[in-house]
Amino acid sequence: TCSHASLARALKNKDVTAIEADIIMGQCTTTTTTTMTDNDENTKLLPIMAHPPSRSSDLNLNDFFRIILTAKALKDNNMLPLNSDNDDNDNQNQHHKGVVVLKLDIKEIEAVQPCLMEIRDSILSHNSNCSSNLGNPPF
């Protein structure tokens, strides 16, 4: 399961150039997101970062993208060195681009449409709010 803590560690580790994350519909233990799908009258499901059989995570897809896109924007603007652990060799770090591959593994068909909508919305939102996010790293 991809959690807030594991994602933050990956983004700070200079050796990590790819992140693979599994997505299922489930309960987010820390969410305030409104992009949820009714499963029944008492249960709300949304795309979360988890691997079956788990059905809960502290990281939903919306937050995952917000963190990744904000970290990328900060890195691109030289405001936050992604993968800042082990900064012993400055020349080596100048050539390191941080996370360059993001692989999303959607584990169930019910998650495809909500994931595609979330991807679209996250990118559109990030592009329109990029400058306002630069001062507030999400991790």
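Right, let's walk through the structure included here. Keep in mind the model is a prediction, meaning the values are calculated, not measured. Sequence order as written defines the numbering, with residues in each chain counted from 1. Where totals are concerned, whole chains, interfaces and linings use all residues; where local detail is concerned, this predicted model gives features only for residues with pLDDT of at least 70, and gives and counts side-chain atom pairs only at 80 or more. Computation of side-chain values: all heavy atoms of the structure, hydrogens and water removed.

### Side note on a nonpolar patch on the surface
For clarity, the threshold we go by: Like charges within 9 Å and nonpolar side chains (Val, Leu, Ile, Met, Phe, Trp, Tyr) within 5 Å are joined into patches, using only residues over 30% in relative accessible area that form no salt bridge. Here the accessible surface of atoms and residues is derived via Shrake-Rupley with a 1.4 Å probe, and residues count as covered only by protein chains that are part of the display. A side-chain nitrogen of Lys or Arg and a carboxyl oxygen of Asp or Glu constitute a salt bridge if their distance falls within 4 Å. The numbering of helices and of strands both runs from the N terminus, where a helix is a DSSP run of H or I of at least 4 residues and a strand a run of E of at least 2. Relative accessibility under 20% of the residue-type maximum defines a buried residue, over 50% an exposed one, and the middle range a partly exposed one, all with a 1.4 Å probe and only protein chains included.
Taken together, the side chains of Ile106, Ile109, Val112 and Leu116 present a nonpolar region at the surface, about 350 Å² in accessible area. Along the chain, the position of isoleucine 106 falls in strand E5 (residues 101–106). Given a relative accessible area of 30%, isoleucine 106 falls into the partly exposed group.

### Observations regarding helix H2 (residues 61–76)
The test is simple: Given a helix with a known number of residues, its expected span is that number minus one, times 1.5 Å. Pairs of N or O atoms within 3.5 Å make up the polar contacts considered here, provided that, within protein, one atom can donate a hydrogen while the other can accept it, and that residues adjacent in sequence are counted only when both atoms are side-chain atoms.
With 16 residues, H2 extends 22 Å from end C-alpha to end C-alpha; this agrees with the ideal 22 Å at 1.5 Å per step. Here H2 has its buried residues at Leu61, Asp63, Phe64, Phe65, Ile67, Ile68, Leu69, Thr70, Ala71, Ala73 and Leu74. The N-capping residue of H2, defined by a side-chain oxygen 3.0 Å from the backbone nitrogen of asparagine 62, is asparagine 60.

### Topic: the side chain of asparagine 60
Note that asparagine 60 resides in the loop between strand E4 (56–57) and H2. At a separation of 2.7 Å, a polar atom in the side chain of asparagine 60 contacts the main-chain amide nitrogen of aspartate 63.

### Quick word on helix H1 (residues 4–12)
How we decide: As used here, the arc belongs to the directions running from the helix axis to the C-beta atoms. The contact rule is simple, with two residues in contact once any of their heavy atoms fall within 4.5 Å.
Those residues of H1 that sit buried are Leu7, Ala8, Ala10 and Leu11. The buried residues of H1 all sit within an arc of 160° when viewed along its axis, so they share a single face. Contacts made by the buried residues of H1 are with strand E1 (18–28) and H2.

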